[in-house]
Structure formats: C-alpha cells, structure tokens
Amino acid sequence: MVLLVRNRVKDIDHWKRVFDAQETAGMAAGLSVERVWRSADKADEVFFILGVEDRARAEAYMATPEAAAVGEEAGALEGEYWFLEQFPLSGDG
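Rules behind the numbers
Residues numbered from 1 in each chain as written. Predicted model: local features only at pLDDT ≥ 70, side-chain atom pairs only at ≥ 80, totals over all residues. Heavy atoms only, no water. Core = buried A, V, L, I, M, F, W, Y, C linked by side-chain atoms within 4.5 Å. Buried < 20%, exposed > 50% of the residue type's maximum accessible area, 1.4 Å probe, protein only. Helix = DSSP H or I, 4+ residues; strand = E, 2+ residues; numbered from the N terminus. Pairing = 2+ DSSP bridges. Axes fitted to C-alpha atoms, helices over the stretch in contact; angles between N-to-C directions. Contact = heavy atoms within 4.5 Å. Salt bridge = Lys/Arg side-chain N within 4 Å of Asp/Glu carboxyl O.

Looking at this model, I keep getting lost on the nonpolar core. Mind explaining?
Within soluble globular proteins, side chains that are nonpolar generally end up buried alongside one another. Judged by nonpolar contacts, the single largest core of 17 residues is most densely connected at L3, W15, L31, F48, L50 and V52. Those elements that place two or more of their residues in this core are β1 (2-9), α1 (12-21), β3 (45-52) and α4 (65-74).

Whenever I open this one, the sheet that holds strand β2 (residues 31-38) confuses me. Can you help?
Two strands in a sheet stick together by hydrogen bonds in their backbones, pointing the same way (parallel) or opposite ways (antiparallel). The strand order across the open sheet formed by four strands is β2-β3-β1-β4, and the pairing between neighbours is antiparallel. Edge positions in the sheet fall to β2 and β4 (76-84), since each of these pairs with one other strand and no more. Neighbour-to-neighbour, the strand axes of this sheet turn through a mean angle of 20°, independent of strand direction. Here β2 pairs with β3 via seven bridges, running antiparallel. When the sheet's bridge partners are listed, R38 is paired in β3 with V46. Each of β1, β2 and β3 is contacted by α1, which is oriented at about 15° to β3, the strand it contacts most. This element, helix α3 (residues 55-62), spans β1, β2, β3 and β4 of the sheet and lies at about 170° to β4.

Honestly, the pattern of salt bridges in this entry has me stumped. Any pointers?
Proximity of charged atoms lets side chains of opposite charge pair with each other. Taken as a whole and assessed by the stated rule, the structure comprises eight salt bridges. Between D44 and R8 there is a salt bridge, and its shortest N-O distance comes to 3.8 Å. Within this pair, whereas D44 is found in the loop between β2 and β3, its partner R8 is found in strand β1, the two being separated by 36 residues in sequence. Assessed through its relative accessible area of 29%, R8 is described here as partly exposed. The salt bridge involving E53 is made with R57; its shortest N-O contact spans 3.6 Å. What makes R57 partly exposed here is its relative accessible area of 36%.

Right under this line is the structure:
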C-alpha cells in the first residue's frame, strides 16, 4: 500500500526542507518516502508517494496535532491524500 499526497504550498524550497526534516517521524509511523514530484505547470504544487507499512498506524499519525503542525510549519496551504493498493493489469499474475 502507498499513500499519494498532493499539497499546494507557500514556498516549495521551504516545504522541502521541512519535509526532509520529518523523515524520522514518518518512519516511526511506518511511512517511507518513495517519490517526490513538483508540478511542471504549477510551481506551488507538490506530489509525493509514501510507502505504508500499516494503514491504521499511518492514519493515527496523520490525525495527530503534531502532524498538523508540521504541515503548517511547512507552509502547506491545502492538500489531499489517497491510500492506494496495487491493481493488477491484464497479463499480471
């Protein structure tokens, strides 16, 4: 399972510094950074995928005041997220 996240941010460079500094907290919640992208069309929009060890643990972490404070500190203006599971394509075993 992965967590796909989209954020609109005030300053992408500041957001990235805060995001990078939170890797240990995310790891403690069973989340690992897999990929990070910046929109080619909107300089204030970022997307990232986190690996998820345990959805319940990830959701519990995301619901904490500490996680909300990180988003505020990073300058996240808005965001959305989706938990995703692998979906086999035709021909996949």
